[in-house]
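Structural overview for review
Chain by chain, the residues:
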Amino acid sequence: MRTEDLIRAIAADAATPPKRLAPAVWIALAVSAVAAWIAAWGMLPPRPEVDPSFAAVRFPMKFVVTCAFGAAAAALAMRLARPGAALAPARVALFGAIAVLAAAMLVEMYVTPSGLWRERVMGINWLVCLVHVPLFSAAPLAAILLAMRRGAPGSPAGLGAAAGLLAGAIGATAYAAFCPNDSPLFVGVWYTLAVCLVTVVGAAVGARLLRW
Amino acid sequence: MKEREADWSDWMASALAGDAAAYRRLLSALAPFVRSVVRNRAASYGLASADVEDVVQETLLAIHLKRGTWDERQPVGPWVAAIARNKLIDALRRKGRRVHVPVEDFAEVLPAEAGDDDGLRPGEAEKLISVLKGRQHEVVKSISVDGADIGETAEKLSMSEGAVRVALHRGLAALSQAYRSFRE
């Protein structure tokens with residue numbers, strides 16, 4: 001088959017609607033948010049009332065951190081899925097999210113006597129966090145990876161990792177609403193570990209699923 | 001360069017809206033561009049010139065199947081060059097070479113040379129169309145090699161136009177898949 005013959009055949013297929021990436025990802029994100037929220041609401045008891053003397057800033061800060069990572073991961077994933085897209089802005093966003101978390105942890109260490117650091121890190125039950133964040137991220141990861149199959153990544157594992165980070169951030173956001181630990185030191189250690197777990201799973205699955 | 005990019009973006013937008021004529025103009029303009037991008041790199045990685053045309057065809061199929069990843073705010077040239085780069089790497093992997101093709105090599109977008117549009121008869125692609133079976137094979141062959149349109153093909157094969165369209169689309173996806181399976 002000569003190339004011009006192939007071109008004729010491809011052009012004749014113009015009427016088949018293209019599988020657009022962006023709308024699929026938006027739908028996946030909506031599904032993810034609902035799925036993570038339902039999972040968290042169904043599996044965890046409501047958290048104790050937010051104590052304004054301790055958590056007035058710390059509680060909302062959890063969402064600032066998870067949402068910053070989520071936004072950065074979404075930007076990164078979209079750019080990794082699109083051939084030729086510039087990655088620099090997404091990298092800046094990711095460094096921004098890391099900086100927000102690091103700053104919150106440093107401020108927490110500054111305002112907390114060092115004797116209390118260990119207690120703040122360990123929280124009430126870190127194992128609950130390590131189990132539930134990946135659990136709440138599972139459906140989002142599946143939805144996002146499925147949408148990303150429409151992408152054309154140079155590195156399927158890289159896109160899978162970004163999808164995992166995004167799913168992890170969504171799961172962590174849902175978990176944060178029910179998690180009784182509000183210290184940035186707890187978030188910085190256990191949330192990070194749990195989200196990293198989801199990221200690794202995303203990379204491993206993506207390496208197979210996102211080849212094209 | 002700027003004019004070319006403006007043309008390509010216009011044609012791409014029309015093609016995405018289902019305009020087959022604009023799509024054909026676009027692909028005909030992209031083929032020599034893809035060829036020059038691939039050829040420019042292929043020699044230094046020891047890819048034979050017959051294989052270059054395979055990569056060109058694989059890239060055109062990928063452009064088609066992945067055209068939903070193009071963002072209208074994004075220029076067409078770098079998008080196409082990145083797809084060509086991916087397909088070149090795939091082709092080299094099939095040949096058992098572990099390679100790293102630096103992105104920068106493709107950042108410099110080359111002008112498409114006239115006289116390059118010879119549409120060589122490639123090696124694997126020759127066999128490729130034979131991986132298609134039954135209706136898909138007949139439909140793809142009728143439209144590509146024989147140059148019939150959808151309506152003529154439908155009449156010739158006593159199929160509905162809708163069935164021809166479906167067979168064509170699945171046939172193109174199967175061709176792309178056949179390239180991929182060489183990788184395993």
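All of these numbers come straight from a predicted model, not from anything done at the bench.

Conventions we followed
- Residues numbered from 1 in each chain as written.
- Chains lettered and ligands numbered in written order.
- Predicted model: local features only at pLDDT ≥ 70, side-chain atom pairs only at ≥ 80, totals over all residues.
- Heavy atoms only, no water.
- Phe/Tyr/Trp six-rings, centres within 6.5 Å; stacked < 30°, edge-to-face > 60°.
- Helix = DSSP H or I, 4+ residues; strand = E, 2+ residues; numbered from the N terminus.
- Buried < 20%, exposed > 50% of the residue type's maximum accessible area, 1.4 Å probe, protein only.
- Contact = heavy atoms within 4.5 Å.
- Buried area = accessible area lost by both parts, 1.4 Å probe.
- Salt bridge = Lys/Arg side-chain N within 4 Å of Asp/Glu carboxyl O.
- Polar contact = N/O pair within 3.5 Å; in protein donor to acceptor, adjacent residues only side chain to side chain.
- 1 Å grid on protein atoms, 1.4 Å probe; cavity = no way out; pocket = protein on both sides within 12 Å on 5 of 7 lines; lining within 4 Å.
- Points joined across faces, edges and corners; volume = space filled by probe spheres on them.
- Nonpolar A, V, L, I, M, F, W, Y, C, P; charged D, E, K, R; others polar.
- pLDDT = per-residue confidence, 0-100.
- Patch = residues over 30% accessible without salt bridge, like charges linked within 9 Å, V, L, I, M, F, W, Y side chains within 5 Å.
- Areas by Shrake-Rupley, 256 points an atom, 1.4 Å probe, with all protein chains shown as cover.
- Lys, Arg positive; Asp, Glu negative; His and termini not counted.
- Charge placed at Lys NZ, Arg CZ, Asp CG, Glu CD.
- Axes fitted to C-alpha atoms, helices over the stretch in contact; angles between N-to-C directions.
- Left-handed = near helix turned anticlockwise from the far one by under 90°.
- Core = buried A, V, L, I, M, F, W, Y, C linked by side-chain atoms within 4.5 Å.

Observations concerning the packing of aromatic side chains
Residues and elements named next belong to chain A. What the rule picks out here adds up to seven aromatic pairs over all chains. Between Phe-59 and Phe-63, the ring centres sit 5.2 Å apart and the planes meet at 80 degrees, which makes this aromatic pair edge-to-face. Taken together, the residues Phe-59 and Phe-63, both in helix α4 (residues 58-81) and four residues apart, mark about one turn of the helix. With a relative accessible area of 18%, Phe-59 lands in the buried category. By relative accessible area, Phe-63 is classed as partly exposed at 22%. Each ring, one from Phe-186 and one from Tyr-191, has its centre 6.2 Å from the other, and the planes form 80 degrees; the classification is edge-to-face. The two residues Phe-186 and Tyr-191 agree in class, both being buried.

Description of the interface of chain A and chain B
Taken together, the contact between chain A and chain B spans 33 residues of the former and 51 residues of the latter. A combined buried area of about 3,600 Å² lies between chain A and chain B, and 60% of that area is made up of carbon and sulfur atoms. Sorting the residues of chain A by area buried against chain B places A:Met1, A:Ile10 and A:Trp212 first, and these three jointly supply 23% of that buried surface. At the boundary of chain A with chain B, the tally comes to one salt bridge. As a salt-bridge pair, A:Arg82 and B:Asp71 come within 3.7 Å of each other at their nearest N and O atoms. Put simply, chain A and chain B have twelve residue pairs in polar contact (both at pLDDT 80 or more) between them.

As for empty space enclosed by the protein
All names here are of chain A. Taken as a whole, this structure holds one cavity of 30 Å³ or more when the rule is applied. Estimated volume of the largest cavity: approximately 40 Å³. Counting residues per element, the ones that place at least two in the lining of the largest cavity are α4, α5 (88-111) and α9 (184-209). For the lining of the largest cavity, the element with the highest residue contribution is α4, accounting for four residues. Considered class by class, the residues forming the lining of the largest cavity number six nonpolar, no polar and three charged.

Some words on the side chain of B:Asp90
Positionally, B:Asp90 belongs in helix α4 (residues 76-94). In terms of polar contacts, B:Asp90 uses its side chain to reach the side chain of B:Lys87, at 3.3 Å.

Quick word on the confidence of the model for chain A
Chain-level statistics for chain A give a pLDDT mean of 95 and a share of 100% at 70 or above. Confidence scores differ between elements of chain A, with helix α3 (residues 52-55) of chain A showing the lowest mean pLDDT of 87 and helix α8 (residues 156-176) of chain A the highest of 98.

Observations concerning a negative patch on the surface
A contiguous patch of negative charge on the surface is contributed by B:Asp149, B:Glu152, B:Glu155 and B:Glu161. By secondary structure assignment, the location of B:Asp149 is in the loop between α7 (134-144) and α8 (150-156).

Thoughts on the packing of α4(A) against α9(A)
All names here are of chain A. Closest axis-to-axis distance for the α4/α9 pair is 10 Å, and the angle between their directions is 30 degrees. Note on packing geometry: the crossing formed by α4 with α9 is right-handed. Together, Arg-58, Lys-62, Val-65 and Thr-66 of α4 and Pro-184, Val-187 and Tyr-191 of α9 make up the contact between the two elements. Classifying every residue of the contact of α4 with α9 gives four nonpolar, one polar and two charged.

Some points on the environment of B:Val80
Relative to the elements of secondary structure, B:Val80 occurs in helix α4. Residues contacting B:Val80, with those up to four places away along its chain left out, are B:Leu30, B:Phe33, B:Val34 and B:Ile63.

As for the environment of A:Ala157
All names here are of chain A. Secondary-structure assignment places Ala-157 in helix α8. Accessibility expressed as a relative area gives 31% for Ala-157, which makes it partly exposed. With residues near it in sequence (within four places) discarded, Ala-157 still touches Ala-203, Gly-206 and Ala-207.

Concerning the nonpolar core
Ranked by size, the top nonpolar core spans 60 residues in total, and within it B:Leu60 and B:Leu168 carry the most contacts. Taken together, the elements giving at least two residues each to this core come down to α1 (3-12) of chain A together with α1 (2-16), α2 (20-42), α3 (49-65), α4, α7, α8 and α9 (161-181) of chain B. The leading source of residues in this core is α2(B), at ten residues. With near-sequence residues (within four places) excluded, B:Leu60 lies in contact with A:Thr3, A:Leu6, A:Ile7, A:Ile10, B:Leu27 and B:Ala31. With 51 residues, the next largest nonpolar core counts A:Val133, A:Phe136, A:Leu145 and A:Ala194 among its residues.

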